[in-house]
Number of protein chains: 6
Amino acid sequence: MNRVPEEGMVLIPGGTLITKTAEEGRALALTIARHTVHNIQPDLDVLAGGRPNYATSPDSLIEATRVVAVEFQTIAAANNYWRD
Amino acid sequence: MNRVPEEGMVLIPGGTLITKTAEEGRALALTIARHTVHNIQPDLDVLAGGRPNYATSPDSLIEATRVVAVEFQTIAAANNYWRD
Amino acid sequence: MNRVPEEGMVLIPGGTLITKTAEEGRALALTIARHTVHNIQPDLDVLAGGRPNYATSPDSLIEATRVVAVEFQTIAAANNYWRD
Amino acid sequence: MNRVPEEGMVLIPGGTLITKTAEEGRALALTIARHTVHNIQPDLDVLAGGRPNYATSPDSLIEATRVVAVEFQTIAAANNYWRD
Amino acid sequence: MNRVPEEGMVLIPGGTLITKTAEEGRALALTIARHTVHNIQPDLDVLAGGRPNYATSPDSLIEATRVVAVEFQTIAAANNYWRD
Amino acid sequence: MNRVPEEGMVLIPGGTLITKTAEEGRALALTIARHTVHNIQPDLDVLAGGRPNYATSPDSLIEATRVVAVEFQTIAAANNYWRD
């Protein structure tokens, strides 16, 4: 099996939900979602094989965005919404 | 590839979740959702090709609205619901 | 294009999440969900054409209700659940 | 059209999210979900016609339960989880 | 109709969201989800007939788990996450 | 029936939502989701039989990730987002 590299398997890259900016927090939400996918399916070829399907399907893109929205909700709360 | 322009790739446009009004907060929710889609699929032609499908499907419109609802939940909390 | 009238495009009608009663808060949740749909798809004919499908499909009705549930969660929190 | 009776159209029956018990709060969650469906589709014959489909489909039952779970989350928070 | 027994129709078994342990709280989340399904579809034969379908479909299992996750979110908050 | 071993049936492994790190909290979210699946479908052969389907379907992977996102939201709140 052509396995996702170890750095792609870290569940919370950087080990913290705290980020300096909202932009970095959103990027972390995207990364966390992707790395969880890697943990459920660590075979790079399977992941690469599926990408043309979901990345060109509007419904799949909407669903993927929904996952990011939920992850971001957690990260934004952790950072007190970067209010200060 | 005909790529989404850089400004469409910014994850949190304006760099903050804080807005003056609820109306602006809701508009930000829509924009954030769209820009996340751009980050997952930055090919403008693929995005444009998919739009006729999802934008005319009631189920897809409902799903897209659900993503906006979750983003708005985060933004509304960040703004203390514009209570004052 | 037969466009949704301007008032149907306002994202947060009334400009506030605060309502006098829970009943009004729930009605606002429904309206906000609908106006977001209008913003994603402002063509009245497409919207009217899709309605017979989703409004007679139990699964679509359940999904639409779920969006309203999430919007209401935000509005109810904004109003401290109309506890007083 | 054979319309849902007026009492079935009230969005928040009783006008409040506050209930004496968790059991009543859960029952309210079910009712609120149903009445929202009525507001989106007030034709009793369409609703009755769809019921055999969704009520015998495990996936539809799971989705309907999910809506109730979200409504209950709001109602439970409104009641401070009936902790006292 | 072969009806779900009365005890399976109680929406919040035990009448409270408060549990001694997280394990019991999670078990309650599963029970609450099941009993809500019973209230929407109280015919035991229909429920039993559908089980082979959803319980062997990975997608249905994931959806059912999602409902439990939302119920658990409410119960965990009610119990202050069993922190003490 | 080839049953999931007892340790795979524990709903909250370790009996607590509190973890030392965000990484461990995320791993717990994955485990809790899996063990709930085990409780709904404890037949190892059915679970193993379904895996090739969902683990190679991008949409199923996205849905599974969404469940983990919701579980993580609860666990992160329980741990005050590991802020200290």
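From a predicted model like this one, the values you see are computed outputs, not experimental measurements.

Rules behind the numbers
- Each chain has its residues counted from 1, running along the sequence as written.
- Here the convention is simple: chains get letters from A, ligands get numbers from 1, in the order in which they are written.
- The model is predicted, so local features are restricted to residues of pLDDT at least 70 and side-chain atom pairs to those at 80 or more, both for listing and for counting; the totals for chains, interfaces and linings are taken over all residues.
- Excluding hydrogens and water, the side-chain values take into account all heavy atoms of the structure.
- The helix and strand labels rest on DSSP assignments: H or I over at least four residues marks a helix, E over at least two residues marks a strand, and numbering proceeds from the N terminus.
- Exposure categories follow from relative accessible area, calculated using a 1.4 Å probe and restricted to protein chains: below 20% of the type maximum is buried, above 50% is exposed, and the middle band is partly exposed.
- Here, residues are in contact when the closest pair of their heavy atoms is within 4.5 Å.
- Residue burial considers only the protein chains on display, and all accessible areas are found by Shrake-Rupley using a 1.4 Å probe.
- Only four residue types enter the tally: Lys and Arg on the positive side, Asp and Glu on the negative side; His and the chain ends are excluded.
- The atoms used to mark charge sites are NZ of Lys, CZ of Arg, CG of Asp and CD of Glu.
- By convention in these notes, a salt bridge is any Lys or Arg side-chain nitrogen within 4 Å of a carboxyl oxygen on Asp or Glu.
- Least squares is the method for superposing the copies, and the C-alpha atoms it fits come from residues with pLDDT of at least 70 in both.
- In this description, buried area is defined as the sum, over both parts, of the accessible area (probe of 1.4 Å) that is lost when the two are combined.
- In this classification, the charged set is Asp, Glu, Lys and Arg, the nonpolar set is Ala, Val, Leu, Ile, Met, Phe, Trp, Tyr, Cys and Pro, and all remaining amino acids, among them Gly, are polar.
- Residues belong to one nonpolar core when they are buried, are Ala, Val, Leu, Ile, Met, Phe, Trp, Tyr or Cys, and are joined through side-chain atoms within 4.5 Å.
- Only centres within 6.5 Å qualify two rings of Phe, Tyr or Trp (six-membered ring in Trp) as a pair; their planes then separate them into stacked at under 30 degrees, edge-to-face at over 60, and tilted for everything else.
- For a Lys NZ or an Arg CZ to count as sitting over a ring, it must be within 6 Å of the ring centre and within 35 degrees of the ring normal.
- To get an axis, a line is fitted to the C-alpha atoms, and for a helix only the part in contact is used. The angle between two axes follows their N-to-C directions and goes from 0 to 180 degrees.
- Angle categories: roughly parallel below 35 degrees, roughly antiparallel above 145, roughly perpendicular from 65 to 115, and oblique for all the rest.
- Each crossing gets its handedness from the near helix: less than a right angle anticlockwise from the far helix is left-handed, clockwise is right-handed.
- A patch consists of residues whose relative accessible area exceeds 30% and which take part in no salt bridge; residues with like charges are grouped when within 9 Å of each other, and nonpolar side chains (Val, Leu, Ile, Met, Phe, Trp, Tyr) when within 5 Å.
- Confidence of the prediction at every residue is given by pLDDT, a number between 0 and 100.

**Quick word on the overall build of chain A**
For chain A, the helix and strand inventory stands at 3 helices and 0 strands. When the helices and strands of chain A are placed in sequence order, the string is α-α-α. Expressed as lengths along the three principal axes of its C-alpha atoms, the size of chain A is roughly 45 × 30 × 15 Å. Counting over 84 residues, chain A shows a buried share of 60%. In chain A, of all internal contacts separated by at least 6 residues, the share reaching a separation of at least 24 is 70%. Per element, the accessible surface of chain A, about 3500 Å² overall, is 54% carbon and sulfur. Once the 7 positive and 10 negative side-chain charges of chain A are each reduced to a mean point, those two points are 5 Å apart.

**Observations concerning the pattern of salt bridges**
Going through the model one piece at a time under the given rule, you end up with 24 salt bridges over all chains. Close ionic contact of Glu63(C) with Arg66(B) constitutes a salt bridge, the shortest N to O distance being 3.2 Å. With Glu63(C) in helix H3 (residues 58–78) and Arg66(B) in helix H3 (residues 58–78), the pair connects residues from two separate chains. Exposure class is identical for Glu63(C) and Arg66(B). Each is buried.

**Comments concerning the relation of the copies chain F and chain A**
Screw-axis analysis of chain F against chain A gives a translation of 0.0 Å along the axis, an RMSD of 0.0 Å, and a rotation angle of 60°. In short, the pair behaves as if placed about a six-fold rotation axis. Across chain F, the smallest distance between a C-alpha and the rotation axis is recorded for Val70(F), namely 7.1 Å.

**Some details on the environment of Arg51(D)**
For Arg51(D), the position within the fold is in helix H2 (residues 44–54). Filtering out sequence-adjacent residues up to four positions away, Arg51(D) remains in contact with Thr56(D) and Ile40(E).

**Points about the interface of chain F and chain A**
Between chain F and chain A, the contact holds 27 residues from the first and 29 residues from the second. Buried area between chain F and chain A, both sides added, is near 2400 Å², and the carbon and sulfur share of it is 65%. Across the chain F-chain A interface, the total number found is 2 salt bridges. Across the pair Glu71(A) and Arg26(F) runs a salt bridge whose closest N-O atoms are separated by 2.6 Å. Breaking the side of chain F that touches chain A down by element, the ones donating at least two residues are helix H1 (22–40), helix H2 (44–54) and helix H3 (58–78) of chain F. A class-by-class count of the residues in the side of chain F that touches chain A yields 16 nonpolar, 3 polar and 8 charged.

**A closer look at the arrangement of the chains**
Chain D makes no contact with chain A, the minimum C-alpha separation between the two being 14 Å. There is no contact between chain B and chain E; across them, the least C-alpha separation is 14 Å.

**Brief notes about the nonpolar core**
Leu17(A), Leu17(B), Leu17(C), Leu17(D), Leu17(E) and Leu17(F) are the most contacted members of the largest nonpolar core, which totals 162 residues. For Leu17(D), the residues in contact, after removing those within four places along its chain, are Phe72(C), Ala76(C), Tyr81(C), Trp82(C), Ile12(D), Leu28(D), Ile32(D), Thr74(D), Ile75(D), Ala78(D) and Asn79(D). Core analysis: the next-biggest nonpolar cluster, separate from the first, contains 12 residues, Val70(C), Ala69(D), Val70(D) and Ala69(F) among them.

**Thoughts on the packing of aromatic side chains**
All told, the structure shown has 6 aromatic pairs over all chains when counted by the stated rule. On the basis of an interplanar angle of 15° and a centroid distance of 5.7 Å, the ring pair of Phe72(C) and Trp82(C) is categorised as stacked. Taken together, the residues Phe72(C) in helix H3 and Trp82(C) in the segment after H3 connect sequence positions 10 residues apart. Against the face of Phe72(D) rests Arg26(D), its NZ or CZ located 4.9 Å from the ring centre.

**Observations concerning the packing of helix H3 (residues 58–78) of chain A against H3(B)**
At their nearest, the axes of H3(A) and H3(B) sit 9 Å apart, and the two run at 10° to each other. In this view, H3(A) runs roughly parallel relative to H3(B), as classed from their interaxial angle. Handedness of the crossing formed by H3(A) with H3(B): left-handed. Residue-level inspection shows Asp59(A), Ile62(A), Glu63(A), Thr65(A), Arg66(A), Ala69(A), Val70(A), Phe72(A), Gln73(A) and Ala76(A) of H3(A) in contact with H3(B), the latter providing Ser60(B), Glu63(B), Ala64(B), Arg66(B), Val67(B), Val70(B), Glu71(B), Gln73(B) and Thr74(B). Residues belonging to the contact of H3(A) with H3(B) are distributed by class as follows: 8 nonpolar, 5 polar and 6 charged.

**Here's the deal with unusual backbone geometry**
All names here are of chain D. One non-glycine residue, Asn80, lies in the positive phi region at around 45°. Mapping Asn80 onto the fold places it in the segment after helix H3 (58–78). Under the relative-accessibility criterion, Asn80 is labelled partly exposed at 42%.

**Some words on a negative patch on the surface**
A contiguous patch of negative charge on the surface is contributed by Asp59(A), Asp59(B), Asp59(C), Asp59(D), Asp59(E) and Asp59(F). One can find Asp59(A) in helix H3.

**Overview of the side chain of Glu71(A)**
On the secondary structure map, Glu71(A) appears in helix H3. Using a relative accessible area of 1% as the deciding quantity, one classes Glu71(A) as buried.

**Remarks on the confidence of the model for chain A**
Per-chain confidence: chain A averages 96 in pLDDT, with 100% of residues scoring 70 or above. Considering each helix and strand of chain A separately, the mean pLDDT is smallest for helix H2 (residues 44–54) of chain A, with a value of 92, and largest for helix H1 (residues 22–40) of chain A, with 98.

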